[in-house]
Amino acid sequence: MGVKILTWNVDGIRSLYKDDASIREGLESLDADIICFQETKISRNQLDKKFAVIDGYSSYFGFPRSETGHSGAVTYCKESVTPFCAEGGLSGLVTVDADDIIGSYGNIRTEFSKRELKELALEGQAVITLHKIQMKEKMLAVINVCCPSDDTDKKKGLQRKERFYQLLQIRATTLKEKGYFVIVVGDLNIGHKPIDYYDPSQEEDFESNPCRRWLDRIIFDLDPKDISNGYCETTFLIDAFRFIHPTEENVYTYWSSNLDARANNFGSRLDYLLVDKRLFAEIDDCIIMSTVQGSDHCPVKLIINIEVIPAPNCPSFSKRYYPEFSGTRRKVVKDETDDVPKRQNESSMDESLTEKKRKIGIEGYVIKLTNSRGDMSGESSLSERSLQESSSQSSGEISTPNTEHQGKYFS
């Protein structure tokens, strides 16, 4: 059957879904396993239980930090695809209170100052979920991203947008180099080719726009029939829609609210599902759901032939663990809206995280990590595994995957 991943800029989740019944019915009507919304326009203080705790789903919110609240993202995951880890933002500007954050920030801390990272988070936002898949026991990182626009101040907005793209690229590339498959979904606030616009002549400096050039650098832009023979060092993501529909015209995901643009299909394709090119053979379809109303954008759905192994428990970033929703005092990961303490350097942070994750389950095995690089010292016996598994289940401990155990899908 495969997994269905959907992206949609909802232009305000509270206006789209008014009550408990509508949010559950709305998610079900989208018929997807991993549902990624952008421009949620809901802050931490505005979040209530109907959006955070939905029967059959777990939720992972990235809250907007700007006073206007025009950004924000949330990923809803069905129980059948519960992630092992989840994290808000791209930069790691969250407190390391949990054993199950994703990590892998690359050189973000040297390329960006903390001040700039905070500024970039004002308008753009992201949520990352990490899923275990059957394919060679590997992990899949789904990056749900809401990229900033450059509408308010063209020059400064363009610079901010470029920097946000660079931040996204570093994080996605680092996750890939870690050995994970990567899928980037969301509103990128830029169309790639003239075919993705009703009237590309209205786009200023179309070919030379640096944001569009950034898309050229990350999208593996070969004809589908030639992709198995092609190789490009700097690109590693496939535009799933154009992979399936390379020449289809007049298909858009955004229409201005002015001048009956949607009724006349005066639109642009700004919403993407960018798939790790190592998974190209698993892409089954990518559908633009232009008839779905409720926003100035429409949903886009990817169907990909992979099997997800659900985590036994939701990761600590799930909003169901907030005290007001869970009825407990369980400690949760702070979001980027909170004050950010001083952080240790990347290498020492990775080492401490590995120590926290010293017992990691893979298909019933418990492998002990002996150092920060994840060297394996051996496997436990069957009786030891059973005892450890039952102990973990009875204690309610959140299991985490062996994120160091990696292989290559393609030779």
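Each value, and the rule that gives it
- Residues numbered from 1 in each chain as written.
- Predicted model: local features only at pLDDT ≥ 70, side-chain atom pairs only at ≥ 80, totals over all residues.
- Heavy atoms only, no water.
- Helix = DSSP H or I, 4+ residues; strand = E, 2+ residues; numbered from the N terminus.
- Buried < 20%, exposed > 50% of the residue type's maximum accessible area, 1.4 Å probe, protein only.
- Contact = heavy atoms within 4.5 Å.
- Areas by Shrake-Rupley, 256 points an atom, 1.4 Å probe, with all protein chains shown as cover.
- Salt bridge = Lys/Arg side-chain N within 4 Å of Asp/Glu carboxyl O.
- UniProt positions renumbered as here; feature names shortened; annotations may be inferred.
- Pairing = 2+ DSSP bridges.
- Axes fitted to C-alpha atoms, helices over the stretch in contact; angles between N-to-C directions.
- Core = buried A, V, L, I, M, F, W, Y, C linked by side-chain atoms within 4.5 Å.
- Disulfide = S-S within 2.5 Å.
- pLDDT = per-residue confidence, 0-100.
- Arc of directions from axis to C-beta.
- Polar contact = N/O pair within 3.5 Å; in protein donor to acceptor, adjacent residues only side chain to side chain.
- Phe/Tyr/Trp six-rings, centres within 6.5 Å; stacked < 30°, edge-to-face > 60°.
- Lys NZ or Arg CZ within 6 Å of the ring centre and 35° of its normal.

**Thoughts on the overall build of the protein chain**
When helices and strands are counted, the protein chain shows 11 helices and 18 strands. Out of the 411 residues belonging to the protein chain, those deemed buried represent 53%. Taking the contacts inside the protein chain whose residues are at least 6 apart along the sequence as the reference set, 70% of them involve residues at least 24 apart. Carbon and sulfur atoms make up 46% of the accessible area of the protein chain, which amounts to about 18,500 Å² in all.

**Focus: the pattern of salt bridges**
A full pass over the atoms with the stated rule returns 17 salt bridges. A salt bridge links Lys4 to Asp31, with the nearest nitrogen and oxygen atoms 2.8 Å apart. Of this pair, Lys4 sits in strand S1 (residues 3–9) while Asp31 sits in the loop between helix H2 (20–30) and strand S2 (34–38); the two residues are 27 residues apart in sequence, bridging distant segments of the chain. Between Glu119 and Arg115 there is a salt bridge, and its shortest N-O distance comes to 3.6 Å. Linking Glu119 with Arg115, this pair stays in helix H5 (residues 114–123), spanning 4 residues, or about one helical turn. We classify Glu119 as partly exposed; its relative accessible area is 40%.

**Thoughts on the UniProt feature "site: Transition state stabilizer" (unreviewed entry) in the protein chain**
Mapped onto this numbering, the UniProt entry annotates "site: Transition state stabilizer" (unreviewed entry) at Asn189. Along the chain, Asn189 turns up in the loop between strand S8 (181–187) and helix H7 (210–218). Filtering out sequence-adjacent residues up to four positions away, Asn189 remains in contact with Cys147, Pro148, Ser149, Lys161, Tyr165 and Leu270.

**Looking at the sheet that holds strand S4 (residues 73–78)**
Taken together, 6 strands build an open sheet; the order of strands is S3-S4-S2-S1-S14-S13 and the sheet is mixed. Taken across any chain shown, the strands that pair with only one partner, and hence form the sheet edges, are strand S3 (57–62) and strand S13 (283–288). Strand-to-strand twist across the sheet, computed as the mean angle between neighbouring axes with direction ignored, equals 15°. In this structure, S13 lies alongside strand S14 (residues 300–304), joined through 5 bridges in antiparallel fashion. Counted as the bridge partner of Cys286 is Leu302 from S14. Its contacts with the sheet put H2 on S1, S2, S3, S4 and S14, and the angle it makes with S2 is roughly 115°.

**Observations regarding the nonpolar core**
Note that soluble globular proteins tend to have their nonpolar side chains buried in a common cluster. Leu90, Ile143, Val145, Leu175, Val184, Leu188 and Leu274 are the most contacted members of the largest nonpolar core, which has 45 residues in total. Among the elements of the structure, H5, strand S6 (125–133), strand S7 (139–146), helix H6 (154–177), S8, H7 and strand S12 (271–276) are those that each provide at least two residues to this core. Per-element tally for this core: the top contributor is H6, with 7 residues. Ranked by size, the runner-up nonpolar core spans 42 residues in total, among them Val127, Leu140, Cys286 and Ile288.

**Here we look at the pairing of S4**
For S4, a buried count of 5 out of 6 residues is recorded, marking the element as mostly surrounded by other parts of the structure. As paired strands, S2 and S4 are joined by 5 bridges and run antiparallel to one another. Opposite Cys36, over in S4, you have Thr75 as the bridge partner. Pairing of S3 with S4 involves 6 bridges; the strand directions are antiparallel. Among the inter-strand pairings, Ser59 is bridged to a residue of S4, identified as Tyr76.

**Some points on the side chain of Ser318**
Along the chain, Ser318 turns up in the loop between strand S15 (308–309) and helix H9 (323–326). Beyond its immediate chain neighbours, meaning those up to four positions away, Ser318 contacts Ser58, Ser59 and Tyr60.

**A short note on the state of the cysteines**
Applying the stated rule across the entire model yields 0 disulfides. Of the cysteine sulfurs around Cys146, a residue in no disulfide, the closest is that of Cys147, at 7.2 Å. In this structure Cys146 comes out as buried when scored by relative accessible area, which is 2%. For Cys314, which is in no disulfide, the shortest distance to another cysteine sulfur is to Cys77 and amounts to 8.7 Å.

**Quick look at the confidence of the model for the protein chain**
A residue-level look at the protein chain finds 72% of positions with pLDDT of 70 or above and a mean pLDDT of 78. Confidence over residues 224–231 falls short of pLDDT 50; this stretch has 11 contacts with residues more than four positions distant or in other chains. Between residues 336–411, whose pLDDT stays under 50, and residues either more than four places distant or in other chains, the model counts 143 contacts.

**Looking at H7**
Among the residues of H7, Cys211, Arg212, Trp214, Leu215 and Ile218 are the ones counted as buried. Projection of H7 onto a plane perpendicular to its axis shows the buried side chains occupying an angular sector of 150°, all on one side. Looking at where H7 begins, the residue whose side-chain oxygen comes 2.8 Å from the main-chain nitrogen of Cys211 is Asn209.

**Some words on the packing of aromatic side chains**
Each aromatic ring pair is specified by the distance between its two centres and by the angle formed by the two planes. Under the defined criterion, the tally for this structure stands at 10 aromatic pairs. Pairing Tyr322 with Phe325 gives two aromatic rings, centres 6.2 Å apart and planes at 40°, and the pair type is tilted. Like Phe325, Tyr322 is buried. Put simply, the rings of Trp8, Tyr17, Phe37, Phe61, Phe63 and Tyr76 pair up and form one aromatic cluster. Of note, Lys138 hangs over the ring of Phe181, and the distance from its end group to the ring centre comes to 4.7 Å. One residue, Lys176, lies across the ring of Phe236, its end atom 5.6 Å from the ring centre.

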